[in-house]
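Structural overview
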Amino acid sequence: MSSAISPSPAPLALYVHWPFCVSKCPYCDFNSHVRESVDQAVWADAMLADLAHEAAILPGRRLTSIFFGGGTPSLMPPATVAAILNAAERHWGFAEGIEVTLEANPSSVEAARFADLAAAGVNRASLGVQALDDEALRFLGRAHGVDEALRALQTAQEQFGRVSFDLIYARPGQPLPEWEAELTRAIGYGTEHLSLYQLTIEPGTRFHTEAAAGRLVIPDGDAAADLFETTRAITAAAGLPAYETSNHARVGAESRHNLTYWRYGDYAGIGPGAHGRREGVATARRKKPENWIGAVDRNGHGIELEETLPPATRATEALVMGLRLAEGVDLSRVAALAEGREMVNHAAVTTLARQGLVRLDGERLIVTEAGALLLDAILREVVL
């Protein structure tokens with residue numbers, strides 16, 4: 001008599017959205033809201049109810065990562081963070097070495113909470129530094145200055161096992177040498193992970209209004225390309241190569257949570273506006289905080305959308321996300337998700353490979369360093 005060992009359930013990531021900020025940045029199109037005060041007990045209870053609903057739908061999974069995003073989740077009371085983490089572990093269980101990331105503003109007020117957040121179970125911080133220039137920080141609408149940000153960074157490095165921080169470049173009138181110096185300075189602070197984003201003008205933001213009126217002009221295509229290529233060269237030389245279009249890390253220090261997104265793994269999302277992907281089902285929570293709270297009170301969860309995705313949509317999402325990664329995407333998995341529908345323009349892949357913009361490594365399609373700058377155009381060619 002033989003017995004088969006059933007495979008372990010696929011791992012799961014959890015995203016927790018805290019929507020509140022002290023102020024709204026002029027470039028931000030995230031689901032963030034400025035509030036004078038928040039009833040913390042009500043919010044903690046609602047988060048736990050939303051979490052319990054997801055856990056009931058996805059039993060038997062084990063969490064590999066948790067990400068508190070926003071908004072500004074460092075404004076959450078550490079007790080609320082601890083309650084969410086305790087509930088998540090009770091519902092699902094934690095994989096060994098689970099990564100627990102919390103986004104934070106690098107202000108002295110929030111840095112004062114870092115020790116308590118670490119005690120609650122956060123082991124990775126992602127700081128929204130955004131610039132190492134006070135004038136640029138004022139332009140970006142940030143409440144902190146450079147000195148305050150660097151003190152917060154030092155505190156974070158003392159309290160958390162892993163620390164990342166963000167910078168925004170390709171700002172109006174930003175010369176290449178100044179960005180080179182700023183990036184080199186940032187690397188010198190010893191972080192193992194940097195998220196480096198070109199400034200983009202998003203609809204619905206104050207910067208969009210300014211740009212439409214001609215009062216805000218960001219670097220043109222050639223200048224932006226130079227900044228992008230220089231960014232990748234400097235980080236690679238410093239041992240923090242790009243493992244994704246905008247993310248750079250030492251080997252082993254990549255964001256495990258974000259890799260779940262880019263590798264098209266399953267993740268649950270709770271809190272206002274949070275999205276999830278679970279076993280082919282797309283979920284989205286109500287965005288407006290008051291509407292989300294009301295939905296949780298009525299229904300026990302904040303879900304607004306729950307939709308089974310067609311195979312072609314799942315395959316397209318996996319392809320588009322995976323090609324952002326330096327490791328590329330497994331075309332055999334894309335084909336399996338597509339369930340027989342052809343999703344890849346193989347003639348275009350052959351042409352792009354001949355031009356040195358992509359390469360095939362067995363079943364894995366990879367955008368080369370030369371192609372990284374042209375990713376959007378490559379996607380238009382490759383994805384059917």
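Residues numbered from 1 in each chain as written. Predicted model: local features only at pLDDT ≥ 70, side-chain atom pairs only at ≥ 80, totals over all residues. Heavy atoms only, no water.

Looking at the confidence of the model for the protein
- The predicted model of the protein averages 93 in pLDDT, with 97% of residues at 70 or higher.
- A low-confidence stretch, residues 1–7 stays under pLDDT 50, and its non-local contacts, those more than four residues away or across chains, total 0 contacts. (pLDDT = per-residue confidence, 0-100. Contact = heavy atoms within 4.5 Å.)

Thoughts on the layout of surface pockets
- The computed volume of the second largest pocket comes to approximately 430 Å³.
- What lines the second largest pocket is a set of 19 residues, among which Gln198, Phe228, Thr245, Leu373 and Asp376 lie closest to the centre.
- Contributing elements (two or more residues each) for the lining of the second largest pocket: strand S8 (193–198), helix H9 (221–237) and helix H16 (375–382).
- Split into classes, the residues belonging to the lining of the second largest pocket amount to 13 nonpolar, 4 polar and 2 charged.
- Two domains share the lining of the second largest pocket, each providing at least three of its residues, namely domain 1 (11–262) and domain 2 (311–382). (1 Å grid on protein atoms, 1.4 Å probe; cavity = no way out; pocket = protein on both sides within 12 Å on 5 of 7 lines; lining within 4 Å. Points joined across faces, edges and corners; volume = space filled by probe spheres on them. Helix = DSSP H or I, 4+ residues; strand = E, 2+ residues; numbered from the N terminus. Nonpolar A, V, L, I, M, F, W, Y, C, P; charged D, E, K, R; others polar. Domains from an automatic or database assignment.)

Quick word on a negative patch on the surface
- On the surface, a cluster of negative charge is contributed by Asp133, Asp134, Glu135, Asp147 and Glu178.
- Along the polypeptide, Glu135 turns up in helix H5 (residues 134–139).
- Accessibility expressed as a relative area gives 59% for Glu135, which makes it exposed. (Patch = residues over 30% accessible without salt bridge, like charges linked within 9 Å, V, L, I, M, F, W, Y side chains within 5 Å. Areas by Shrake-Rupley, 256 points an atom, 1.4 Å probe, with all protein chains shown as cover. Salt bridge = Lys/Arg side-chain N within 4 Å of Asp/Glu carboxyl O. Lys, Arg positive; Asp, Glu negative; His and termini not counted. Charge placed at Lys NZ, Arg CZ, Asp CG, Glu CD. Buried < 20%, exposed > 50% of the residue type's maximum accessible area, 1.4 Å probe, protein only.)

Looking at the nonpolar core
- Ranked by internal contacts, the top residues of the largest apolar core, which has 74 residues, are Leu14, Ile66, Phe68, Val81, Trp92 and Leu127.
- Aside from chain neighbours lying at most four places away, what touches Leu127 is Ala104, Phe114, Ala152, Leu153, Ala156, Val163, Ser164, Phe165 and Asp166.
- Within the second largest apolar cluster, 26 residues are counted, among which are Tyr264, Leu337, Leu357 and Val358. (Core = buried A, V, L, I, M, F, W, Y, C linked by side-chain atoms within 4.5 Å.)

Side note on the packing of aromatic side chains
- Summed over all chains, the structure comprises 10 aromatic pairs.
- Measuring from centroid to centroid gives 6.2 Å for Tyr15 and Phe67, while their planes differ by 25°, and the two rings are stacked. With a gap of 52 residues between them, Tyr15 in strand S1 (residues 12–18) and Phe67 in strand S4 (residues 63–70) connect regions that are remote in the sequence. By the burial criterion, Tyr15 is buried, and Phe67 matches it. (Phe/Tyr/Trp six-rings, centres within 6.5 Å; stacked < 30°, edge-to-face > 60°.)

Focus on the packing of helix H12 (residues 311–322) against helix H13 (residues 331–338)
- H13 packs onto H12 with a crossing angle of 160° between their chain directions and a minimal axis gap of 7 Å. Considered as vectors, H12 and H13 are oriented roughly antiparallel to each other. Judged by the twist between their axes, the crossing of H12 over H13 is right-handed. For the pair H12 and H13, the contacting residues are Pro311, Arg314, Ala315, Ala318 and Leu319 in the first and Leu331, Val334, Leu337 and Ala338 in the second.
- Here the residues of the contact of H12 with H13 are counted per class, giving 8 nonpolar, no polar and 1 charged. (Axes fitted to C-alpha atoms, helices over the stretch in contact; angles between N-to-C directions. Parallel < 35°, antiparallel > 145°, perpendicular 65-115°, else oblique. Left-handed = near helix turned anticlockwise from the far one by under 90°.)

Considering H12
- Along its 12 residues, H12 runs 16 Å from first to last C-alpha, staying within 8% of the 16 Å computed at 1.5 Å per residue.
- Residues of H12 that are buried include every one of Ala312, Ala315, Ala318, Leu319 and Gly322, and no others. All buried residues of H12 fall inside an arc of 130° around its axis, so they share one side.
- Buried-residue contacts for H12 involve helix H10 (256–262), strand S15 (329–330) and H13. (Expected span 1.5 Å × (residues − 1). Arc of directions from axis to C-beta.)

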